[in-house]
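Next come the chains, spelled out residue by residue.
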Amino acid sequence: MKSIVMMGVAGCGKSFVGQLLAQTLGLPLVEGDEFHSEHNREKMRQGLALTDADRADWLAALGQALEHHAAGAVLTCSALKRAYRDRLRRHAPGLRFVFLDVDARTAHERVTQRATQHLFPASLVASQFAALESPLGEPGVLRVDATQTPEHLRDIIVDWLDCV
């Protein structure tokens, strides 16, 4: 089994769907947010969007985590830009991405609802959409409607993985 990245903007459901998928596939879940530096965490807490430079060491750490789980893993990572996805691909040949596509209103509502449980404030959702470069057309990418139930999304992803 190859590794899979659950990607998309904040509030799309990466962690929840990723956890369901990892359990179903018997793969470890690598929660991307756990790899942020304290500097990045503090910036986000203050409502400041991360820059490419801020994300560089984070992406390197995620790449190393993928290498560590050479037998496969489910990684949650926004992977907003093509350059970020290509960087992760260099660490895990055949890496697949599931793009949890969601509209801005739904993402903002979800992030607002989890405000007390997550370091990412709703004020940064717009910056995620501004940075997002669609992965559609890239190899090994599945786009799913993130407003569907997590269980339905898991089933769609498992079916897709069986076909690729």
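Preceding block: the structure.
Bear in mind that the values here come from a model prediction, so they are computed numbers and not experimental data.

Trainee: Any chance you could explain the pattern of salt bridges here in plain terms?
Mentor: Side chains bearing opposite charge may pair, as long as their charged atoms lie close to each other. Counted under the stated rule, the structure contains twelve salt bridges. For D54, the salt bridge identified is with K43, shortest N-O distance 2.6 Å. Of this pair, D54 sits in helix α3 (residues 52-68) while K43 sits in helix α2 (residues 38-45); the two residues are eleven residues apart in sequence, bridging distant segments of the chain. With respect to burial, D54 and K43 carry one shared label: buried. Residues R89 and E138 are paired through a salt bridge, measuring 2.9 Å at the closest nitrogen-oxygen approach. Of this pair, R89 sits in helix α4 (residues 82-91) while E138 sits in the loop between α6 (125-131) and β5 (141-145), and the two are 49 residues apart along the sequence. Looking at E138, the relative accessible area reads 8%, which means it is buried.

Trainee: I would appreciate a short explanation of the nonpolar core in the present structure.
Mentor: The tendency in soluble globular proteins is for nonpolar side chains to be buried side by side. Grouped together as the largest cluster of nonpolar side chains are 50 residues, with contacts concentrated most on M6, C77 and L88. Apart from the residues lying within four places of it in its own chain, the contact partners of C77 are V5, M6, M7, G8, K14, W58, L59, L62 and L88.

Trainee: What exactly am I supposed to notice about the sheet that holds strand β3 (residues 74-76) here?
Mentor: Paired through backbone hydrogen bonds, the strands of a sheet run either parallel or antiparallel to each other. Pairing is parallel across the open sheet formed by five strands, whose spatial order is β2-β3-β1-β4-β5. Across the chains shown, the open sheet's two edge strands, defined by having one partner strand only, are β2 (29-31) and β5. On average, each strand axis in the sheet is tilted by 20 degrees relative to the strand beside it, whichever way the strands run. In the sheet, strand β4 (residues 96-101) pairs with β5 via five bridges, with the strands oriented parallel. Across the sheet, F97 pairs through a bridge with V141, a residue of β5. Packed on one face of the sheet, helix α1 (residues 14-25) meets β1 (4-7), β2, β3 and β4 and runs near 155 degrees to β1. Contacting β1, β3, β4 and β5, α4 crosses the sheet at an angle of about 150 degrees to β4.

Trainee: How should I be thinking about the state of the cysteines in this particular structure?
Mentor: Simply put, disulfide is the name for a covalent bond between the sulfur atoms of two cysteines. Counting across every chain of the model gives zero disulfides. No disulfide involves C12; its nearest neighbouring cysteine sulfur is the one of C77, lying 11 Å away. The buried category is assigned to C12, whose relative accessible area is 1%.

Trainee: Please explain the packing of α1 against helix α7 (residues 150-163) as it appears in this structure.
Mentor: Angle between the axes and distance between the axes are the two parameters that describe a pair of packed helices. Their axes nearest at 9 Å, the elements α1 and α7 cross at an angle of 50 degrees. Judged on the interaxial angle alone, α7 and α1 are oblique. α7 is crossed by α1, and the crossing has right-handed handedness. Residues F16, V17, L20, L21, T24 and L25 of α1 form the contact with α7, whose own contacting residues are P150, E151, L153, R154, I157, V158 and L161. When grouped by side-chain class, the residues that make up the contact of α1 with α7 number ten nonpolar, one polar and two charged.

Trainee: Explain the environment of A49 here, please?
Mentor: Along the chain, the position of A49 falls in the loop between α2 and α3. Taking relative accessible area as the criterion, A49 reaches 35% and is therefore assigned partly exposed. Sequence separation between A49 and H68 is 19 residues; the distance between their C-alpha atoms is 29 Å.

What counts and how
- Residues numbered from 1 in each chain as written.
- Predicted model: local features only at pLDDT ≥ 70, side-chain atom pairs only at ≥ 80, totals over all residues.
- Heavy atoms only, no water.
- Salt bridge = Lys/Arg side-chain N within 4 Å of Asp/Glu carboxyl O.
- Helix = DSSP H or I, 4+ residues; strand = E, 2+ residues; numbered from the N terminus.
- Buried < 20%, exposed > 50% of the residue type's maximum accessible area, 1.4 Å probe, protein only.
- Core = buried A, V, L, I, M, F, W, Y, C linked by side-chain atoms within 4.5 Å.
- Contact = heavy atoms within 4.5 Å.
- Pairing = 2+ DSSP bridges.
- Axes fitted to C-alpha atoms, helices over the stretch in contact; angles between N-to-C directions.
- Disulfide = S-S within 2.5 Å.
- Parallel < 35°, antiparallel > 145°, perpendicular 65-115°, else oblique.
- Left-handed = near helix turned anticlockwise from the far one by under 90°.
- Nonpolar A, V, L, I, M, F, W, Y, C, P; charged D, E, K, R; others polar.

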